[in-house]
Amino acid sequence: MAKVTVKSLYKIYGPRPQKALPLVKQGISKDELLKKTGNGIGINDASFDVQEGEIFVVMGLSGSGKSTLIRCLNRLIEPTAGEIHIDGQNIVGCSDDVLLQVRRKKVAMVFQHFALFPHRTVAENVAYGLEVQKVPPEERIKKAYEALEMVGLSGYEESFPSELSGGMQQRVGLARALATEADILLMDEAFSALDPLIRTEMQDELIALQERMKKTIIFITHDLDEALKIGDRIAIMKEGVVVQIGTPEEILDHPADDYVRAFIKDVNRAKVLTASAVMKKPDGVVTLKDGIRVAMRKMEEVGISSIFVVDKARILQGIVTIDDAIDALKRGETSLQAIINNDIETTDGDTPLLDLMPIAIKTKYPIAVINDSNKLLGIIVRVSVLAGILGEEAESND
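As recorded in an unreviewed UniProt entry, the protein goes by the name Quaternary amine transport ATP-binding protein, listed as coming from Fusibacter paucivorans. In its Catalytic activity (unreviewed entry) section, the UniProt entry covering the protein states "a quaternary ammonium(out) + ATP + H2O = a quaternary ammonium(in) + ADP + phosphate + H(+)". The Subunit (unreviewed entry) field of the UniProt record for the protein holds the comment "The complex is probably composed of two ATP-binding proteins, two transmembrane proteins and a solute-binding protein."

As structure tokens, then:
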């Protein structure tokens, strides 16, 4: 279900933007528009949906329009044209009262520069949004304490911002947004002012929080590694235009144009791509009831020397090799149970390829991809790990 829907959104800066709008819609370039009218293009016909509970990352270089876009989503910047639907309600052109309620109840923002009040305690800073909502003092402080616990700052409630590190101050900013219990978090370059190590910790913290809270998060960044790490989907912007939207794996595997291709060329694919990106359906599987002869016939049909065994619910039991099957038949055995090998490597679909490299090097058999119930989802042959890491470069050298 779409929590946020953006339709044909434009933001034109400068004199008489409505007069310049038709030229933009006709495809005039950014430089031509500036020369002809004195107007600048902030957002050019952006359309996308953000699903409930996902982290949607918007990224691009400086001047790409990403920060303008996020500020349009709560109308801190007024769009020139288009629609922004939050929970199905178009907030472009809505009354001030409706917009105020959206800002207070549905959308919270976390800024790059922490924007904390130096004269207020940490808890008072976190409670500020609730104070604006006229929540009673006792209740807002209680919620502030709860939000601070969520971000790992229990014990710092009565400290002042100056007594905290940069990373801790950003946690306060995040707690302030969480305390309002808004469904949608807008995060504008929220971690870019932090030192690299603290930034990584905050990324991990956000991912962990999202696992528990299932917020809808729209996150702005200029850092592709950050986008790939935290984003369920990523929108890449250039000169106000959304040039591609996709999952991290889709963007790495199928860049839309040379601009996106230049972005991803130095990415460590092994850290980003996961097992699910390179797994394939097993060439064949057998069930416990099939017997040794059936297993041998299936191996012969697809030209493989081992085959996975599952039960009737497709729960993985192990693997059978052609050599073990032949030896068992010579002994007069017919049941697969006696020759199933349980010494196999398994993984889940979210495991990064980097973590699979040492496994792929040492294992004799394909790696089985399973879910939490041990159900077989697919297999990964060793060469697929290397091919997934090398990506297009490997394909071009085939």
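Additional details are given in the paragraphs that follow.
**Student:** Looking at this structure, I do not really get the domain arrangement of the protein. What am I missing?
**Tutor:** As a measure of interface size, the accessible area lost when the parts come together is often cited. Partitioning the protein into structural domains gives domain 1 (51–83 + 93–271) and domain 2 (276–390). One C-alpha centre belongs to domain 1, the other to domain 2, and the line joining them spans 42 Å.

**Student:** Teacher, can you tell me more about unusual backbone geometry here?
**Tutor:** Leaving glycine out, the prevailing phi sign among residues is negative, and the prevailing peptide bond configuration is trans. A positive phi angle, near 50°, is found at Glu189, a position not held by glycine. With respect to the secondary-structure elements, Glu189 resides in the loop between strand S7 (184–188) and helix H9 (196–213). For Lys214, which is not glycine, the phi dihedral falls at a positive 55°. Residue placement: Lys214 occurs in the loop between H9 and strand S8 (216–221).

**Student:** Would you explain the state of the cysteines in this entry?
**Tutor:** One pass over the full model with this rule turns up zero disulfides. Lacking any disulfide linkage, Cys72 is separated from the closest cysteine sulfur, that of Cys94, by 13 Å.

**Student:** Can you help me understand the UniProt feature "domain: CBS" (unreviewed entry) in the protein in this one?
**Tutor:** Sites flagged by UniProt as "domain: CBS" (unreviewed entry) map to residues 279–335. A helix fraction of 35% and a strand fraction of 25% characterise residues 279–335, whose end C-alpha atoms lie 29 Å from each other.

**Student:** Sorry if this is basic, but what is going on with the environment of Leu116 here?
**Tutor:** For Leu116, the location among the structural elements is in the loop between strand S6 (107–110) and helix H5 (122–126). Not counting residues within four places of it along the chain, the set of residues in contact with Leu116 comprises Asn125, Pro161, Gln169, Val172, Gly173 and Arg176.

**Student:** Before we go on, may I ask you to explain the pairing of strand S12 (residues 306–310) in this structure?
**Tutor:** Along a regular strand, successive side chains alternate from one face of the sheet to the other. Along S12, five of the five residues are buried, which leaves the element largely enclosed by surrounding structure. Across the two faces of S12 the burial is the same, with Ser306, Phe308 and Val310 and Ile307 and Val309 all buried. As judged from the three bridges shared by strand S11 (residues 285–287) and S12, these two strands associate in the parallel manner. Paired with Val285 across the strands is Phe308, a residue of S12. Crossover S11 to S12 through helix H15 (residues 292–302) is right-handed. As paired strands, S12 and strand S13 (residues 316–321) are joined by five bridges and run antiparallel to one another. Its bridge partner being in S13, Val310 is matched across the sheet by Leu316.

**Student:** Which parts of the structure should I look at to understand helix H7 (residues 137–150)?
**Tutor:** Given 3.6 residues per helical turn, the α-helix brings residues three or four places apart onto the same face. In this model, H7 (14 residues) spans 20 Å end to end at C-alpha, consistent with the 20 Å of a helix rising 1.5 Å per residue. When H7 is considered as a whole, its buried residues turn out to be Arg140, Lys143, Ala144, Ala147 and Leu148. Projected down its long axis, H7 shows its buried positions confined to an angular sector of 140°, all on one face. Residues of H7 that are exposed and point over 90 degrees away from its buried face: Glu138, Lys142 and Glu149.

**Student:** Help me understand the sheet that holds strand S14 (residues 346–347), please; the structure alone is not making it clear to me.
**Tutor:** Strand pairs in the sheet, formed through backbone hydrogen bonds, run parallel or antiparallel to each other. Strand order in the open sheet made by the three strands is S14-S15-S16, with mixed pairing throughout. The open sheet is flanked by S14 and strand S16 (376–380), the only strands paired with a single partner. When S14 meets strand S15 (residues 367–370), the two strands line up parallel, connected through two bridges. Each residue of the ladder has a partner; that of Thr346, found in S15, is Ala368.

**Student:** Mind showing me how you'd approach the pairing of S13 here?
**Tutor:** For S13, the tally of buried residues reaches five of six residues, placing the bulk of the element in the interior. Hairpin connection from S12 to S13: five residues lie between these consecutive antiparallel strands, with Arg314 at a positive phi of about 65°.

**Student:** It is not clear to me how the confidence of the model for the protein should be interpreted in this structure. Could you clarify?
**Tutor:** Regions with low pLDDT should not have their predicted coordinates read in detail. Model confidence for the protein is summarised by a mean pLDDT of 87, while 95% of its residues fall at 70 or above. The low-confidence segment residues 392–398 (pLDDT under 50) makes four contacts with residues lying over four places distant or belonging to another chain.

**Student:** Mind showing me how you'd approach the packing of aromatic side chains here?
**Tutor:** Considering all chains together, one arrives at four aromatic pairs under this definition. Centroid distance Phe48 to Phe56: 5.1 Å. Interplanar angle 15°. Geometry classified as stacked. What makes Phe56 buried here is its relative accessible area of 0%. On the basis of an interplanar angle of 65° and a centroid distance of 4.9 Å, the ring pair of Phe117 and Tyr128 is categorised as edge-to-face. Placement of the pair is Phe117 in the loop between S6 and H5 and Tyr128 in helix H6 (residues 128–132), with a sequence separation of eleven residues. Overall, the relative accessible area of 28% leaves Phe117 in the partly exposed class.

**Student:** What should I look at first to understand the pattern of salt bridges in this one?
**Tutor:** For the coordinates displayed, the defined rule picks out 18 salt bridges. With its nearest N and O atoms 3.0 Å apart, the salt bridge here joins Glu226 to Arg199. Note that Glu226 is positioned in helix H10 (residues 224–230) and Arg199 in helix H9, a separation of 27 residues in sequence. No difference in accessibility class separates Glu226 from Arg199, as the two residues are buried. Across the salt bridge formed by Glu345 and Lys362, the nearest N and O atoms sit 3.9 Å from each other. Linking Glu345 in the loop between helix H16 (322–330) and S14 with Lys362 in helix H17 (residues 353–362), this pair joins segments that are 17 residues apart in sequence. One connected set of salt bridges, linked through shared partners, spans Lys3, Asp87, Lys106 and Asp183.

Each value, and the rule that gives it
Chains are numbered independently. Their residues run from 1 in the order of the written sequence. Note on the predicted model: pLDDT of at least 70 is required for a residue's local features to be given, and 80 or more for side-chain atom pairs to be given and counted; whole-chain, interface and lining totals, by contrast, use all residues. The basis for every side-chain value is the complete set of non-hydrogen atoms in the structure, without hydrogens or water. UniProt positions are given in the numbering used here, feature names are shortened, and annotations may be inferred rather than shown by experiment. For the domains described, the bounds stem from an automatic or database domain assignment. Secondary structure elements are defined from DSSP: runs of H or I of at least 4 residues count as helices, runs of E of at least 2 residues count as strands, and each element is numbered from the N terminus. Note on terminology: pairs of cysteine sulfur atoms within 2.5 Å are recorded as disulfides. When checking whether two residues touch, look at their non-hydrogen atoms; a contact exists if any pair is within 4.5 Å. Burial classification: accessible surface area is computed with a 1.4 Å probe over protein chains only, and a residue below 20% of its type maximum counts as buried, one above 50% as exposed, and the rest as partly exposed. At least two bridges found by DSSP between two strands are what make those strands a pair. Here is how to tell: hold the view so the strands point away, follow the path from the first strand over the helix to the second, and if it runs clockwise the crossover is right-handed. Every helix has an expected span of 1.5 Å times one less than the residues it contains. The arc under discussion is defined with respect to the helix axis, by the directions toward the C-beta atoms. pLDDT is a residue-level measure of predictor confidence that goes from 0 to 100. Pairing of aromatic rings covers Phe, Tyr and the six-membered ring of Trp, with a centre-to-centre limit of 6.5 Å; geometry is then stacked below 30 degrees between planes, edge-to-face above 60, and tilted otherwise. For this document, the term salt bridge refers to a Lys or Arg side-chain nitrogen within 4 Å of an Asp or Glu carboxyl oxygen.

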